[in-house]
Amino acid sequence: MPEQEVNRHIQRIFSCVSGNRGNEGQQIEAPIVTSWERSLQHYGIDPSEPNPVQVLTAAELREYTRPIERFLRIAKAGVQFLHRQVADLGYSTLLCDAHGVTVDWRGDERFSRQWKDAGLYLGAVWNEHQEGTCGVGTALIEQTALTVHKGDHFRAKNANLTCSCAPIIGPSGKTMGLIDVSALHSPDSKESQHLALQLVMQSARMIESAYFLNQYEDQWVLKLNFERELAEVSSECLVAIDGEGRILAADRIACRTLGHEVPGGNLVGRFVREVFDLNFEKLLDVYSNSSMVLPIRTQATGLQLFACLRSPQAISVKPVGRVEPVAPPRRQVPLAGQPLTLDYLAGDDRKLQDSVERIKRVMNKPIPILLNGETGTGKEMFAQAIHHASRRADKPFVAVNCAAIPESLIESELFGYKDGAFTGARSKGMRGKILQSDGGTLFLDEIGDMPASLQPRLLRVLAEREVTPLGGETAIPVDLHVICATHRNILDMVASGAFREDLYYRLNGIAFELPSLRERSDLERLINDVLLIEAGNSVESVVIDDAAMRVMTDFCWPGNIRQLRNALRYALAVCDNGVITCADLPVDITVTGSTDPAAASLTASRRQPVAQLPEEPVRPPAASVVDEAVAGLNAMEQAERQVILEALQKYKWQVSKAVKEVGISRATMYRKMDKYAIVPPNKR
Ligand SMILES: Nc1ncnc2c1ncn2[C@@H]1O[C@H](COP(=O)(O)OP(=O)(O)OP(=O)(O)O)[C@@H](O)[C@H]1O
C-alpha cells in the first residue's frame, strides 16, 4: 500500500476511535469500530507496522491440532464443501481453532506465494492481540459471523484483504473454531461479500450439526425444523435426549429458540415433556410406528415445530480421510441353551439393530412391549433377552402361550385361584402366572388368542395393577411388566371386533416388528451364527459350502429361525468331514426352495423324505387340546380339573400319591375324575 494511503487509513481509524466519525465513519459497522478501539487502546498495536502474520512451524501446529483431532476430522468435510463453492471466485478457505490458529487451509496452489505473504496459509495466527481488527480475530471476540473488508482491517498491511468468517460453536456453547473465506483482491463495496458471508455461516452451521450428531451418536437426537417440508432434509436445531427422556444437550440455535421456553432458560436436564407438548414415550411410540415428521409444539408458548428423531448410533458422522480397515471381531454367539442377548439377536440387520436400540431405551420403563412377527422369528427369544437385559433380570420371566392353553383354563392360569376356592383345591391355592411374574416380566405369547371373555379382566389387571384370584375377594397388588407377542394383525382383529381396542392400546405401549428370514439383510451371517450355536461354538470343526449356503439364502423359510435351526441340526448330524453340502440339507429345503443347480441336481436322487432329527415340538392349536367333555365347566371347575390332572400325571397316575398332593380323599378323587372326565391312560 502506498504511504499516502497508509496515512489515510490510519487517519480514518484515529478519527473514528476518537469519536469524530464524519460521513464515511457513520457507515462503519459498530463491531469494527469497537475492535479498532480495542486494537488501539487495549492492545496498543501500531496500525502502520508492516510485520507479517505469525506462522507456526509444523511442530508447533501439531501441538494445537492434537487436542482437537475429532473436531478437525469432522470440520474438514465442511471446509471442503465450502471451498468447492468459492474456489473459482479467488477465495482461500481457512479453518481456525479457538485461538485463531489456521489448522486447515484450501486455496489455489498456483498462488501459494501470495497466500503465504498475506498470511492466508496453514499455521497462520490471526488474533486481535497481534493483528488488531481482522476477520478471524474479531469474529472470535465478537462471537458472531462478520466480514472484515479491506479498510476495516486495523493494520494497513492487511487492508487489501476481504475476510468473511463465522465462529463454530460446540454443544456446550464453547467456541470450537471458526471458518473463513478470504480473498486477496475484491471489489471495493462490502456488499460484494454478502453471499460469501452467507456461505460461511451455512458451513459453520453444518459443522456444528455434524459435530453435535457425532458427539451424541449414542443418544436420541431430536432434529427440529420450522418447516414441515424441510424437516427430513435439514434441521434448524438439535436436542440430544437420554434414554429417560432427559435433555442432555442442545445446540446453539436450539438454546436460542427454545431456551426461553423453560424457567431459568436452561434446556439441559429438563425432560422432553417439560419443554414440548408430548412426552418421550409418545415420541418413541410415534417414531417406532413410522418415520414420519412429527408436528410438535412447545409447552410454554405453543411454538410450532416439526421433528424427526434420530435413534442412537443410527447415523454417525463418518470420519473423513483415510481410515485403516479394521478386521471385524469374531462374533461371540451364546452357547446352546444359554439366553440369547439383545445385541446378538440384532445381528447385522440394520432395522433390527434400530429396534434393539429402541428396546433398550424403553425396557426399564413401565411401557408394555408388543412384538409382532411370523412364527419362528424369535419373538419369545426377544422377550427373554429383553427381560435378561432389564432391571428385572433377577426376577421371574413367566411365559404364557395363550394359544396353547385351553380357553377355559387361561383364566385360572393367569389369575390363579385362592386356597379352598373349590373342593380339594391345594391348601395354598395357586398363584396365577400374573402373580408369579411379580417384579419380573410376564410374556403373553399369541396374545391374539386371548379369549374375548377374558380381555376385560386382563385390561383391569393392567390398568389397576392388581389381581383378584378366582374365588378370592381381595385384590393383590402386582408389579407387572408385560411383553406380548403375536403373528396376527391385531389391528385387523380390533377392526373386526375380535380384540378389544382399549386392551390393544394398553398392551401396545411400543411395538416392534421382527423381520422374517426372507426380509433379513444379514441372512448369511445369521445362518452361520445359528450353526455356531448348534455346533457348540466350535467354528473350526464345521463349515457350509458355497452351494449349500446359496440354497439356504435362496430358500423362503416359512418357519423362519425355528425351521433354519432344525435344518442345521439335521445337516450337522449327517454331514461328513465337517462340511455341510447341499446333500446334507433336509429335502424340503433343497426340493422346494432353490434355483441353485447344485441343489437341483440333488433333488432327483433325493425325492424320498429324509428322516428328520427330533425337532422342537410343534405347538398344538388351542382347539386340539380342548376336551369336549370339559367344555361346559366354569373357570373354577376347569382349574380344579387341571390341578387333579397335573397331580395324577406327576405321580404317573398313582391315585394314592396324587390325593396327598391335592389334599382330598381317595373317594373324592374318583368322584372328581369321573365328573371331569379324567381317564387314566391304561383305561383309554
Ligand atoms: N437369533 C437367533 N439365533 C439362534 N436361534 C434363534 C434365534 N432366534 C430364535 N432362535 C431359535 O428359534 C426358535 C424359535 O424362536 P421363538 O420361539 O422365540 O420364535 P417365536 O417367534 O416366538 O415363534 P412362535 O411364534 O412360533 O411362538 C427357538 O428355538 C429359538 O431358540
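Residues numbered from 1 in each chain as written. Predicted model: local features only at pLDDT ≥ 70, side-chain atom pairs only at ≥ 80, totals over all residues. Heavy atoms only, no water.

As recorded in an unreviewed UniProt entry, the protein goes by Sigma-54-dependent transcriptional regulator, AcoR family and comes from Syntrophotalea carbinolica.

## Details of the overall build of the protein
From N to C terminus, the protein includes 29 helices and 21 strands. Here the analysis covers contacts within the protein between residues at least 6 apart in sequence; of these, 65% occur between residues at least 24 apart. For the protein, the computed accessible surface area is about 32,600 Å², with 51% contributed by carbon and sulfur atoms. (Helix = DSSP H or I, 4+ residues; strand = E, 2+ residues; numbered from the N terminus. Contact = heavy atoms within 4.5 Å. Areas by Shrake-Rupley, 256 points an atom, 1.4 Å probe, with all protein chains shown as cover.)

## Description of helix α15 (residues 379–389)
Buried within α15 are the following residues: Lys 379, Phe 382, Ala 383, Ala 385, Ile 386 and His 387. On its buried side, α15 packs onto α13 (342–346), α14 (350–362), β11 (369–372), β12 (397–401), β15 (441–445) and β18 (482–486). (Buried < 20%, exposed > 50% of the residue type's maximum accessible area, 1.4 Å probe, protein only.)

## Structural notes on the sheet that holds strand β10 (residues 304–310)
The five strands lie next to each other as β8-β7-β6-β10-β9, forming an open sheet whose pairing is antiparallel. For this open sheet the edge positions go to β8 (247–250) and β9 (294–297), each flanked by a neighbour on one side alone. The average angle at which neighbouring strand axes cross in this sheet is 35°, direction not considered. Alignment of β9 against β10, held across four bridges, turns out to be antiparallel. Across the sheet, residue Ile 296 finds its bridge partner in β10, namely Leu 305. The strands that helix α9 (residues 194–215) touches are β6 (220–225), β7 (237–241), β8 and β10; relative to β7, the one it contacts most, it runs at about 10°. (Pairing = 2+ DSSP bridges. Axes fitted to C-alpha atoms, helices over the stretch in contact; angles between N-to-C directions.)

## Re unusual backbone geometry
Even without glycine at this site, Trp 557 takes up a positive phi of about 45°. Tracing the chain through its elements places Trp 557 in the loop between α22 (546–554) and α23 (560–574). Its identity is not glycine, yet Ala 677 carries a phi of approximately 55°, on the positive side. Locating Ala 677 in the fold gives a position in the segment after α29 (666–675). Under the relative-accessibility criterion, Ala 677 is labelled partly exposed at 30%.

## Let's talk about the nonpolar core
Nonpolar side chains tend to gather and get buried jointly when the protein is soluble and globular. Counting residues in hydrophobic clusters, the biggest one holds 74 residues, and the most contacted among them are Leu 222, Leu 224 and Phe 276. In terms of residue count, helix α21 (residues 523–534) provides more of this core than any other element does, six residues in total. Those residues in contact with Leu 224, other than ones at most four positions away along the chain, are Ser 235, Glu 236, Cys 237, Val 239, Leu 258, Phe 276, Ile 296, Leu 305, Phe 306 and Ala 307. Ile 405, Leu 462, Ile 490 and Phe 499 belong to the second-largest nonpolar core, a separate cluster that totals 33 residues. (Core = buried A, V, L, I, M, F, W, Y, C linked by side-chain atoms within 4.5 Å.)

## Notes on the pattern of salt bridges
It is possible for side chains of opposite charge to pair when their charged atoms get near one another. Counted according to the given criterion, the structure contains 32 salt bridges. Residues Lys 190 and Asp 152 are paired through a salt bridge, measuring 2.7 Å at the closest nitrogen-oxygen approach. Remark: Asp 152 occurs in the loop between β3 (146–149) and β4 (162–169) and Lys 190 occurs in the loop between β5 (175–183) and α9; sequence separation between them is 38 residues. Taking relative accessible area as the criterion, Lys 190 reaches 21% and is therefore assigned partly exposed. For Asp 152, a relative accessible area of 7% puts it in the buried group. Here Glu 413 makes a salt bridge to Lys 433, at a shortest N to O gap of 3.9 Å. Placement of the pair is Glu 413 in helix α16 (residues 407–415) and Lys 433 in helix α17 (residues 433–436), with a sequence separation of 20 residues. Classification of Glu 413 as buried rests on a relative accessible area of 15%. Three or more residues joined by partner-sharing salt bridges are found here, namely Glu 49, Glu 131, Arg 155 and Lys 157. (Salt bridge = Lys/Arg side-chain N within 4 Å of Asp/Glu carboxyl O.)

## Observations regarding the environment of Thr 468
When you line up the elements, Thr 468 lands in the loop between β16 (466–467) and β17 (476–477). Once the C-alpha coordinates of Thr 468 and Phe 415 are considered, the two residues, 53 residues apart in sequence, prove to be 6.8 Å apart. With residues up to four places along the chain from it excluded, the contact list for Thr 468 reads Phe 415, Arg 457, Glu 473, Thr 474 and Ala 475.

## A short note on empty space enclosed by the protein
The tally for this structure, following the rule as stated, stands at three cavities of 30 Å³ or more. Considered as a void within the structure, the largest cavity measures approximately 70 Å³ in volume. In terms of lining, the largest cavity is formed by Pro 366, Ile 367, Pro 368, Leu 462, Arg 465, Leu 480, His 481, Val 482, Arg 506 and Leu 507. Considering only residue class, the lining of the largest cavity consists of seven nonpolar, one polar and two charged. A volume near 50 Å³ is recorded for the second largest cavity. (1 Å grid on protein atoms, 1.4 Å probe; cavity = no way out; pocket = protein on both sides within 12 Å on 5 of 7 lines; lining within 4 Å. Points joined across faces, edges and corners; volume = space filled by probe spheres on them. Nonpolar A, V, L, I, M, F, W, Y, C, P; charged D, E, K, R; others polar.)

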